[in-house]
Amino acid sequence: SHAVSYAILSYYTAYFLANYPKYFISTCIPRCVKDARAEAHEKIERLIIDARNLKIDVKLPVINNSYARPMPDKHTNTIFLSPDIVSGIGENISKTLAKKNNFKNLQEFLSWTLEQTKLHHSDDIMIDDKETKIFNKTSFHLLTKIGFFKQFDKDCSFEEYYSKCIDDINSFSINKEEIREKTFVKKYNSYKYNL
């Protein structure tokens, strides 16, 4: 029975890969992303190579075309990867980024992350929307490295884009005391109401 189960599973897998390759591959990638083992990256790489061999264009995530999970395009032979494909960017960040897709520039994006702020400590901006996930400078740097914000500077080279983004991210200041005070007042009022 064990062999029969594997045979049926192999048949279904081969059928979906042969007939619906972009949907099959875009469904397999998140399973590999969640896998914490060392070979997970190799599996993702192998899936992307398979997609390209099947003439499927695999695109890195970009700011105004960001999804919570890899998304096959209905009209073209393309898969748009989600930000959590990058090691160090979690699933919660991908979900948060997928909620808004109409930023005009990097400053607007950074301000939006600040508006989402509910908790704050050290250099981290913590997003608290059902699930709490940290957006910190490292997250922004990782997204910058894959060209996530390149849409805002299409005409410049990657080196110019990268240094400009890093400068903008590093110069983006947050008034920590003001945020702490607002958070404390909000929590205090909430506790007082609950009591």
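All figures in this text were calculated on a predicted structure; none of them were measured in a lab.

Reading guide: rules and limits
- Residues numbered from 1 in each chain as written.
- Predicted model: local features only at pLDDT ≥ 70, side-chain atom pairs only at ≥ 80, totals over all residues.
- Heavy atoms only, no water.
- Helix = DSSP H or I, 4+ residues; strand = E, 2+ residues; numbered from the N terminus.
- Expected span 1.5 Å × (residues − 1).
- Buried < 20%, exposed > 50% of the residue type's maximum accessible area, 1.4 Å probe, protein only.
- Arc of directions from axis to C-beta.
- Pairing = 2+ DSSP bridges.
- Contact = heavy atoms within 4.5 Å.
- Axes fitted to C-alpha atoms, helices over the stretch in contact; angles between N-to-C directions.
- Phe/Tyr/Trp six-rings, centres within 6.5 Å; stacked < 30°, edge-to-face > 60°.
- Patch = residues over 30% accessible without salt bridge, like charges linked within 9 Å, V, L, I, M, F, W, Y side chains within 5 Å.
- Areas by Shrake-Rupley, 256 points an atom, 1.4 Å probe, with all protein chains shown as cover.
- Salt bridge = Lys/Arg side-chain N within 4 Å of Asp/Glu carboxyl O.
- Polar contact = N/O pair within 3.5 Å; in protein donor to acceptor, adjacent residues only side chain to side chain.
- pLDDT = per-residue confidence, 0-100.

A. Region of interest: helix H7 (residues 158-171). Helix length check: H7 (14 residues) gives 20 Å between terminal C-alpha atoms against 20 Å at 1.5 Å per residue, within 8%. Buried residues of H7: Tyr 161, Cys 165, Ile 166, Asp 168 and Ile 169, and no others. Each buried residue of H7 lies within a common arc of 160° when the element is viewed along its axis, so the set occupies one face. Set apart from the buried face of H7 by more than 90 degrees, the exposed residues are Glu 159, Asp 167 and Ser 171.

B. View of the sheet that holds strand S1 (residues 57-59). Strand order in this open sheet of 3 strands is S1-S3-S2, and the pairing throughout is mixed. Among the strands making up the open sheet, the edge pair consists of S1 and strand S2 (71-72). Taken strand by strand, helix H2 (residues 21-34) contacts S2 and strand S3 (78-80), and its axis lies near 20° from that of S3.

C. Geometry of the packing of aromatic side chains. Counted by the stated rule, this structure contains 11 aromatic pairs. Residues Phe 148 and Phe 149 carry aromatic rings whose centres are separated by 5.2 Å and whose planes lie at 85° to one another, so their mutual orientation is edge-to-face. There is no split in this pair, since Phe 148 and Phe 149 are both buried. Each residue in the set Phe 103, Phe 109, Phe 140, Phe 148 and Phe 149 is aromatic and connected to the rest through ring pairs, giving one cluster.

D. Spatial organisation of a nonpolar patch on the surface. Residues Val 4, Ile 8, Tyr 11, Tyr 12, Tyr 15, Phe 16, Tyr 20 and Tyr 23 make up a contiguous nonpolar surface patch of about 850 Å² in total accessible area. Here the element with the most residues in the nonpolar patch is helix H1 (residues 2-19); it accounts for 6 residues. Mapped onto the elements, Tyr 20 comes out in the loop between H1 and H2. Under the relative-accessibility criterion, Tyr 20 is labelled partly exposed at 41%.

E. Layout of the side chain of Lys 22. Turning to its location among the elements, Lys 22 is positioned in helix H2. Here Asp 73 takes part through its backbone oxygen, which lies 2.4 Å from a polar atom of the side chain of Lys 22. Non-local contacts of Lys 22, meaning those with residues more than four positions away in its chain, are made with Ile 56, Pro 72, Asp 73, Lys 74, Thr 76, Asn 77, Thr 78 and Ile 79.

F. Looking closely at the pattern of salt bridges. For the structure shown, the criterion picks out 2 salt bridges. When the shortest N-O distance is used, the salt bridge between Asp 57 and Lys 59 registers 3.2 Å. Using a relative accessible area of 35% as the deciding quantity, one classes Asp 57 as partly exposed. For Lys 59, a relative accessible area of 37% puts it in the partly exposed group.

G. Representation of the confidence of the model for the protein within the structure. Considering every residue of the protein, the mean pLDDT works out to 77; 76% of them sit at 70 or more. Ranking the elements of the protein by mean pLDDT puts strand S5 (residues 124-129) last with 43 and H1 first with 93. Note on residues 191-195: pLDDT is under 50 here. Beyond four places in sequence and across chains, it has 0 contacts.

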